[in-house]
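# Architecture at a glance
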Amino acid sequence: MSGTLNKVMLIGHLGDEVKMHYFEGGGSIGRFPIATNETYTNKSTGERVTNTDWHNIVVRNKAAEICEKYLSKGDKVYVEGRLKNRQWQGEDGNTRYSTEVHVTDFTFLTTKKEAGANDNSSVSITPKASNDNSKPVKAPAPLSQEAEDDLPF
């Protein structure tokens, strides 16, 4: 295989509200952090240990507006996208680096706003071109609680 692949899939909880930035041409970018956890048992002490990793998520245009409208801190979301590295000059003159996940697809797994209306619903969205006026599509209900407990994450 001579091709390459840059694909990331994450299921995690929002660590903050979606921060929006709007551009003159009508485009927009939404940024938010997602936390993923790894839990294991320390063999020497028998203690349960949880490690949390934070990921910087970037969503563009209509998808960003949908995220801002429906997601809030603590909500569980599935995101799929590409890793991108970015660098910039900090206020102190030092060069800063960050790795971001640029989203191509996402699904709301639990949202506080949805929880009041319908406890077992999820919304799946694939971002389109900036001029696309498509609406969010309802996805099938999430797996039962029993099936989720068997997942390794």
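Preceding block: the structure.
Residues numbered from 1 in each chain as written. Predicted model: local features only at pLDDT ≥ 70, side-chain atom pairs only at ≥ 80, totals over all residues. Heavy atoms only, no water.

One recurring pattern in soluble globular proteins: nonpolar side chains tend to sit buried together. One finds Phe32, Ile57, Val59, Cys67, Leu71, Val79 and Phe106 to be the most contacted residues of the largest nonpolar core, which totals 20 residues. Among the secondary structure elements, those contributing two or more residues to this core are strand 1 (8-14), strand 3 (28-41), strand 4 (48-60), helix 1 (61-70), strand 5 (76-89) and strand 6 (95-110). Leave out the neighbours within four places in its chain, and phenylalanine 32 touches Leu14, Asp16, Glu17, Val18, His55, Asn56, Ile57, Val59, Cys67 and Leu71. (Core = buried A, V, L, I, M, F, W, Y, C linked by side-chain atoms within 4.5 Å. Buried < 20%, exposed > 50% of the residue type's maximum accessible area, 1.4 Å probe, protein only. Helix = DSSP H or I, 4+ residues; strand = E, 2+ residues; numbered from the N terminus. Contact = heavy atoms within 4.5 Å.)

This brings us to the pairing of strand 3. Both strand 1 and strand 3 contribute to a ladder of 2 bridges, which runs antiparallel. Looking at the pairing, histidine 13 lines up with alanine 35 of strand 3. Relative to strand 3, strand 2 (residues 19-22) is paired through 4 bridges, and the arrangement is antiparallel. Across the sheet, the residue bridging to lysine 19 is arginine 31, located in strand 3. The turn linking strand 2 back onto strand 3 is made up of 5 residues, and glycine 26 within it adopts a positive phi angle of 100°. (Pairing = 2+ DSSP bridges.)

Turning our eyes to something else, we now look at the pattern of salt bridges. What the rule picks out here adds up to 5 salt bridges. Its salt-bridge partner being arginine 31, residue glutamate 100 comes within 2.6 Å of it at the nearest N-O pair. Of the two residues, glutamate 100 is situated in strand 6 and arginine 31 in strand 3; the sequence distance between them amounts to 69 residues. For glutamate 100, a relative accessible area of 4% corresponds to the buried category. Arginine 86 is paired through a salt bridge with glutamate 100; the nearest N and O atoms lie 2.9 Å apart. Separated by 14 residues along the polypeptide, arginine 86 in strand 5 and glutamate 100 in strand 6 bring together distant segments of the chain. If you follow the salt bridges from partner to partner, you end up with Arg31, Arg86 and Glu100 in one network. (Salt bridge = Lys/Arg side-chain N within 4 Å of Asp/Glu carboxyl O.)

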